[in-house]
Protein chains: 2
Amino acid sequence: MPAYKAPLRDMRFLIDEVFDFHGSYAANGAHDATPDMVNAILEEGAKFCEQVLAPLNRSGDEEGCHFDNGVVTTPKGFKEAFAQYAEGGWMALASDPAYGGQGLPHSLGLVIGEMIGSANTSFGMYPGLTHGAMAAIGAHGTDAQKQTYLSPMTEGRWTGTMCLTESHCGTDLGIIKTRATPREDGSYAISGTKIFISAGEHDMSENIVHLVLAKLPDAPAGTKGISLFIVPKFLPDASGEAGARNGVACGSIEHKMGIKASATCVINFDGATGFLIGEPNKGLNCMFTMMNHARLGTGMQGLCSGEASFQGAIQYAKERLQMRALTGAKFPDKPADPIIVHPDVRRMLLTMKAFNEGNRALAYYTAQLLDQVHSPDESKRKEAEGLLAFLTPICKAFMTDSGLEVTNLGMQVFGGHGYIREWGMEQLVRDCRIAPIYEGTNGIQALDLLGRKVLGSQGKLMLGFTKQVHKFCEAQVQHPQLHAYVAQLAGLNRDLGDITQRIGMAAMKNPDEVGAASVDYLMYCGYLILGYFWLRMAVVALSKLDEGGSDPAFYQSKLATAEFYFTRLLPRTSAHKAAIEAGSASLMKLSADEFAF
Amino acid sequence: MPAYKAPLRDMRFLIDEVFDFHGSYAANGAHDATPDMVNAILEEGAKFCEQVLAPLNRSGDEEGCHFDNGVVTTPKGFKEAFAQYAEGGWMALASDPAYGGQGLPHSLGLVIGEMIGSANTSFGMYPGLTHGAMAAIGAHGTDAQKQTYLSPMTEGRWTGTMCLTESHCGTDLGIIKTRATPREDGSYAISGTKIFISAGEHDMSENIVHLVLAKLPDAPAGTKGISLFIVPKFLPDASGEAGARNGVACGSIEHKMGIKASATCVINFDGATGFLIGEPNKGLNCMFTMMNHARLGTGMQGLCSGEASFQGAIQYAKERLQMRALTGAKFPDKPADPIIVHPDVRRMLLTMKAFNEGNRALAYYTAQLLDQVHSPDESKRKEAEGLLAFLTPICKAFMTDSGLEVTNLGMQVFGGHGYIREWGMEQLVRDCRIAPIYEGTNGIQALDLLGRKVLGSQGKLMLGFTKQVHKFCEAQVQHPQLHAYVAQLAGLNRDLGDITQRIGMAAMKNPDEVGAASVDYLMYCGYLILGYFWLRMAVVALSKLDEGGSDPAFYQSKLATAEFYFTRLLPRTSAHKAAIEAGSASLMKLSADEFAF
């Protein structure tokens, strides 16, 4: 397993030089997040992830979680690592100060989240789900609910889950069967079985707070009849501690392709006591308020696994001696040249680097919007919400699809050794493979983007972003070194408007045109957006080089990677455009029985 | 796990209707391979694979192989299945009649091999390696060696291996360290350690015949100093039976991502008795004679896993109820519509179908060339050899890369359930993932194609195929329904000539241009070639429909899939072309230390 080192230099490039987190922290009133504080947190976070979490990654995969009669034991060392995580105040970092949190910006939490996910994706699931549950309680809970649950969760003594999926429905939550029956004391009896519940049962915390979607007896059919309930494993007693055991039990854990140290549970609710959160029948809305966070978090997993894979591949490519450079031996004294001399190995490494660093820029930009949603300035808030609505499904789907490509390339760089478990490269592929599936499959993200967001707003949500790209291109059109790439980006940006309009027209006649175009449309947008961020990074890099400061190699590397991205990856948009333009005709011709004979 | 059903209808479409195997069997003197015989073999093969091998696939993955002090035990049922395989005469099918084989055409062996690989990839490794070893002994062994080894191997009593890789070299065999010291009796003492030896040790056969690359004491450096040796686990005694144990031991087995029921062994040779096969220092040449077989066989694994994945996905997509069709409920009486109504699910299924059926056409065509290499007509032989040289690296790399895409799509169709081991879909991804790596990584295949084959022959080996495409396009240019696709294909075919010429010119100045273009070049060729076969299939399908015979739905399905391929997959060539044209500049800019900071 490659030793993980947090890519602090690249993180600081984005935080300090490209996006100016400090300026926006000051503007948004996050006065505690001083540059010194941010730096100290990044370095402490790196140390914790490198020294505590990364060493448990391989062993956690090999050992997995154990299930025994309702009790789930996490792999050796995970419980202790989680205790350190809680003690270190990492759960509290971006949490509400009213309940013991440090109230630091979400964007900083996301950067730490990247380190955690790169060091140990499975571990990251436990705090990740807890943060999700905290966000839902924070947004929709009563004051009493917040007091009861958020305080111990912020301390890391209690953890949380999101219980949505049932065996017959994942995407289609309108048809869930879990029932909530009102009781006289105002609580509800929750009965039903939920599956795929990450962190649903484990040995890390004193209590587990399940957020459960269920239907009231008189609920309307479909998604408008779903309510959200807090169902703790142990009912809080008068002093706020975990008290009597509730009617919640783990029926089994899943045997999965990867993230094996993350317990994926079947959870049975058998007349369990639940407490309504938010309004009756508005449960799905309550969930949606935290979707942006959760989906960006899932998108991050593509970057996290990709970064870990890149670190392994680059080290191996520098050390592994095999064949001679096509232009003649570079290390004639060695039995062969290191494989990093070969253009095709470099193609793989640069593809990884270009996706990772591009995805990191996209993610950090989006995280900044998550901060901006809390701005005191309403127009800023609205602007951020619009951009988030457009970018979130792209972050989720594009970052995970490209992350999967990256981890597969990292494995490929290792040749046969990549297939052997002890090297750790294939684990990154397996761990990453869930990210395009859960939290709404990438196909669902694409429908959300094209159908609900872009066409649903008559293009307005797209224009919020493409106008920004347009303005940037206008400003840089005469850039002495970058003008050709600016023109390329501007052309793709214009095309996106035309493409969108054509799909919109076609969809009015035939709604299937949306589903026929959606995934290619999302991928087109993703490549375009990464192009935008690569150019923004290149502009910064060039101006730093012009200034003649330190670190010229870092900025030169950015420029070379931008060139690689524009010449070798961005042209993939042409294939996606052609697929979009093919429309739904060839997709809908066959009856279900005509697919195979 | 989806139950595997051999796709006999599609196989027969290619065998009978597109490629006319029967005509070429007759022309090549394979008189035993009558249509009735071929049919009977296909049906028996299907039965064996569906009923014996497929049921062991999941259990084999879960159990894996066991290693205990040099002894390897295969998963429950594998030994018995192999006995049935041998008894059924499957090892003998395409083997030399002089040593007990049935002498049927290799192309028929490949079709049966497809069924085996789809039913149980791990199982297929044992006979696959044995066939490889048999081919090497058959081509380069003395009569006595053939008599000694081929007979028990044809019976399936002995199995074989290929021992090439060492821990410090896989691609770069010139630097192997295993040594062969001549003994007075004409044998050699073999010492060294080989890794990644598939079927290197197991409990299925009475003896294991290792073919080992090693260096003689006075061998020249590099690949011109490698010799090939037969090193049996048990030395044959006077009666030809397995006798005294040789100095060969299994040191351990690898823990891998997939193909877990295939024992991947470290094999230690400690002064083991070996017998030279072929000439001294010509070992790599001996290996190369069987490369075409082995690489096509590896390419098949992409199709095999892809076919199994498609069968699972199509069944699931017809049964899984989730959401309503965008155009309104199709099954209003059910709680939701089956997901096959959704255009994006169809996009995934059709991508799988188009790759699988296109890859099958490419593979069967190539298998026919393997038969033709034994033609009595020398010009036919030469033609086949040229086409094989060009197509083999494409089969290996394109079929495995697209196969990996197919298995990942199949998993995606299952949503969260795809990530759960019991459904079997993720196993297909893991099993398939080795195919782009071993038998020469896909990057090495691409260098072989572009550098050694195409540019090394001044384009001649490419022209052998592109002329065929050109002629076909000329003949079909006025086809009433297909002319637009014919024009698209003809354009890509012309472009390939131009692209090749430009790379050739650039490479004269800078050899790195070959490595910079190679993978995208191979993928461009792969898409083009599948386009050619899809058009050939479409032409046949249309003429069958015109004839008005039976099975119109089958032919309509072919036409719709061809349309899908041409409009949604073939345009990917544009992205590969752009990447090729980007050249090596952005790849070679960074020093090794400038990839990460």
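Here the structure is a predicted model, which is why all the values come from computation and not from measurement.

Let's shift gears to the overall build of chain A. Assigned secondary structure in chain A consists of 19 helices and 11 strands. Its C-alpha atoms give chain A a radius of gyration of 24 Å, near enough to 25 Å, the size a compact globule of 597 residues would have. Each principal axis of the C-alpha atoms in chain A carries an extent, and together these give about 80 × 60 × 60 Å. When the 597 residues of chain A are sorted by exposure, 62% land in the buried category. Accessible surface, chain A as shown: approximately 20700 Å² in total, 53% of it carbon and sulfur.

Bringing the pattern of salt bridges into the picture now. Side-chain pairs of opposite charge can arise whenever the charged atoms involved come near each other. Using the criterion set out here, one finds 62 salt bridges over all chains in the structure. Here Arg 568 of chain B ties to Asp 520 of chain A by a salt bridge, and the two come within 3.1 Å at their closest N and O atoms. With Arg 568 of chain B in helix α18 (residues 552-569) and Asp 520 of chain A in helix α16 (residues 512-547), this residue pair bridges two chains. Pair check on accessibility: Arg 568 of chain B and Asp 520 of chain A agree, each one buried.

Residue and element names in this part refer to chain A. Mapped onto the elements, Gly 302 comes out in helix α9 (residues 283-319). We classify Gly 302 as buried; its relative accessible area is 0%. Excluding residues within four positions of it along the chain, Gly 302 makes contact with Met 399, Thr 400, Gly 403 and Cys 432.

Turning our eyes to something else, we now look at the interface of chain A and chain B. Taken together, the contacts link 95 residues of chain A with 95 residues of chain B. At the boundary of chain A with chain B, total buried surface from both sides reaches about 8300 Å², with 62% on carbon and sulfur atoms. For the chain A face of the interface with chain B, the top three residues by lost area are Tyr 419, Arg 568 and Phe 595 of chain A, together amounting to 11%. Between chain A and chain B we count six salt bridges in total.

What follows covers the packing of aromatic side chains. Going through the model one piece at a time under the given rule, you end up with 62 aromatic pairs over all chains. A centroid spacing of 6.2 Å and a plane angle of 50° characterise the contact between Phe 21 of chain A and Tyr 364 of chain A, whose relative ring orientation is tilted. With a gap of 343 residues between them, Phe 21 of chain A in helix α2 (residues 21-27) and Tyr 364 of chain A in helix α10 (residues 343-372) connect regions that are remote in the sequence. Exposure remark for Phe 21 of chain A: the relative accessible area of 1% places this residue in the buried category. Relative to Trp 423 of chain B, the ring of Tyr 316 of chain B has its centre 5.5 Å away and its plane inclined at 85°; by these criteria the two rings are edge-to-face. Of this pair, Tyr 316 of chain B sits in helix α10 (residues 291-319) while Trp 423 of chain B sits in the loop between α12 (378-413) and α13 (425-432), placing them 107 residues apart in sequence.

It is worth spelling out helix α17 (residues 552-569) of chain A at this point. The end-to-end C-alpha distance of α17 of chain A is 25 Å, a good match for the 26 Å that 18 residues give at a rise of 1.5 Å each. Burial analysis of α17 of chain A places 14 of its 18 residues in the buried class, the great majority of the element.

This part takes up the nonpolar core. What tends to happen in soluble globular proteins is that the nonpolar side chains get buried as a cluster. Grouped together as the largest cluster of nonpolar side chains are 202 residues, with contacts concentrated most on Met 115, Leu 349, Tyr 364, Phe 390, Phe 465 and Tyr 521 of chain B. Looking at this core element by element, the count peaks at 22 residues for helix α17 (residues 512-547) of chain B. Counting residues in each nonpolar core, the second largest holds 201 residues, with Ala 336, Ala 490 and Tyr 527 of chain A together with Ile 175 of chain B among its members.

One turn of the α-helix equals 3.6 residues, which is why residues spaced by three or four share an orientation. Residue and element names in this part refer to chain A. Under the 1.5 Å per step criterion, the end-to-end length of helix α6 (residues 106-119) is 20 Å for 14 residues, consistent within 8% with the ideal 20 Å. Summarising burial for α6: 11 of the 14 residues are buried, a large majority. Burial in α6 covers these residues: Ser 107, Leu 108, Leu 110, Val 111, Ile 112, Glu 114, Met 115, Ile 116, Gly 117, Ser 118 and Ala 119.

The next thing to look at is the relation of the copies chain A and chain B. Between the two chain copies there is a screw-like relation: a rotation about an axis and a shift along it. When chain A is brought onto chain B, the operation consists of a screw motion whose angular component is 180° and whose axial shift is 0.0 Å, with 0.0 Å RMSD remaining. Here the symmetry operator amounts to a two-fold rotation axis. Looking at chain A, 100% of its interface residues are interface residues in chain B too, so the copies touch through the same face.

Before going further, it helps to examine the state of the cysteines. Two cysteines, two sulfur atoms, one covalent bond between them: this is a disulfide. Residue and element names in this part refer to chain B. Tallied over the full model, the rule gives zero disulfides over all chains. Lacking any disulfide linkage, Cys 169 is separated from the closest cysteine sulfur, that of Cys 163, by 13 Å. Sulfur of Cys 395: no disulfide; nearest cysteine sulfur belongs to Cys 525 and is 12 Å away. Of the residues examined, Cys 395 reaches a relative accessible area of 0% and is grouped as buried.

Another aspect to go through is the packing of helix α11 (residues 343-372) of chain B against α18 of chain B. Residue and element names in this part refer to chain B. Remark: α11 packs on α18, axes separated minimally by 9 Å, with the N-to-C direction vectors making an angle of 100°. Taken together, α11 and α18 sit at an angle that is classed as roughly perpendicular. Contacts between α11 and α18 involve Arg 347, Leu 350, Thr 351, Lys 353, Ala 354, Phe 355 and Glu 357 from the former and Ser 557, Lys 558, Thr 561, Phe 564, Tyr 565, Arg 568 and Leu 569 from the latter. Its residues placed into classes, the contact of α11 with α18 shows six nonpolar, three polar and five charged.

Let us look at the UniProt feature "domain: Acyl-CoA dehydrogenase/oxidase C-terminal" (unreviewed entry) in chain A. The sites that carry the UniProt feature "domain: Acyl-CoA dehydrogenase/oxidase C-terminal" (unreviewed entry) are, in the present numbering, residues 281-448 of chain A. Taken as a whole, residues 281-448 of chain A contains 70% helix and 0% strand, while its terminal C-alpha atoms sit 22 Å from one another.

This part is about the side chain of Lys 146 of chain A. Residues and elements named next belong to chain A. When you line up the elements, Lys 146 lands in helix α8 (residues 143-154). For Lys 146, which is buried and forms no salt bridge, the nearest opposite charge comes from Asp 143, at a distance of 4.4 Å. Those residues in contact with Lys 146 that sit more than four places away from it in its chain are Tyr 99, Ile 137, Gly 138, Gly 141 and Ser 151.

Residue and element names in this part refer to chain A. Parsing chain A into structural domains produces domain 1 (286-447) and domain 2 (458-585). Here the C-alpha centroids of domain 1 and domain 2 sit 18 Å apart. At the interface, 27 residues of domain 1 touch 28 residues of domain 2. Roughly 2300 Å² is buried in total at the junction of domain 1 and domain 2, and carbon and sulfur atoms are behind 79% of that figure. On inspection of domain 1 and its partner domain 2, the count reaches two salt bridges. As a salt-bridge pair, Glu 357 and Lys 558 come within 2.6 Å of each other at their nearest N and O atoms. When residues of the side of domain 1 that touches domain 2 are assigned to their parent elements, the largest contribution, 12 residues, is made by α10. Of the residues contributing to the side of domain 1 that touches domain 2, the split by class is 16 nonpolar, six polar and five charged.

Basis of the calculations
Residues numbered from 1 in each chain as written. Chains lettered and ligands numbered in written order. Predicted model: local features only at pLDDT ≥ 70, side-chain atom pairs only at ≥ 80, totals over all residues. Heavy atoms only, no water. Helix = DSSP H or I, 4+ residues; strand = E, 2+ residues; numbered from the N terminus. Rg over C-alpha atoms; globule rule 2.2 N^0.38 Å. Buried < 20%, exposed > 50% of the residue type's maximum accessible area, 1.4 Å probe, protein only. Areas by Shrake-Rupley, 256 points an atom, 1.4 Å probe, with all protein chains shown as cover. Salt bridge = Lys/Arg side-chain N within 4 Å of Asp/Glu carboxyl O. Contact = heavy atoms within 4.5 Å. Buried area = accessible area lost by both parts, 1.4 Å probe. Phe/Tyr/Trp six-rings, centres within 6.5 Å; stacked < 30°, edge-to-face > 60°. Expected span 1.5 Å × (residues − 1). Core = buried A, V, L, I, M, F, W, Y, C linked by side-chain atoms within 4.5 Å. Least-squares fit on C-alpha atoms with pLDDT ≥ 70 in both. Disulfide = S-S within 2.5 Å. Axes fitted to C-alpha atoms, helices over the stretch in contact; angles between N-to-C directions. Parallel < 35°, antiparallel > 145°, perpendicular 65-115°, else oblique. Nonpolar A, V, L, I, M, F, W, Y, C, P; charged D, E, K, R; others polar. UniProt positions renumbered as here; feature names shortened; annotations may be inferred. Lys, Arg positive; Asp, Glu negative; His and termini not counted. Domains from an automatic or database assignment.

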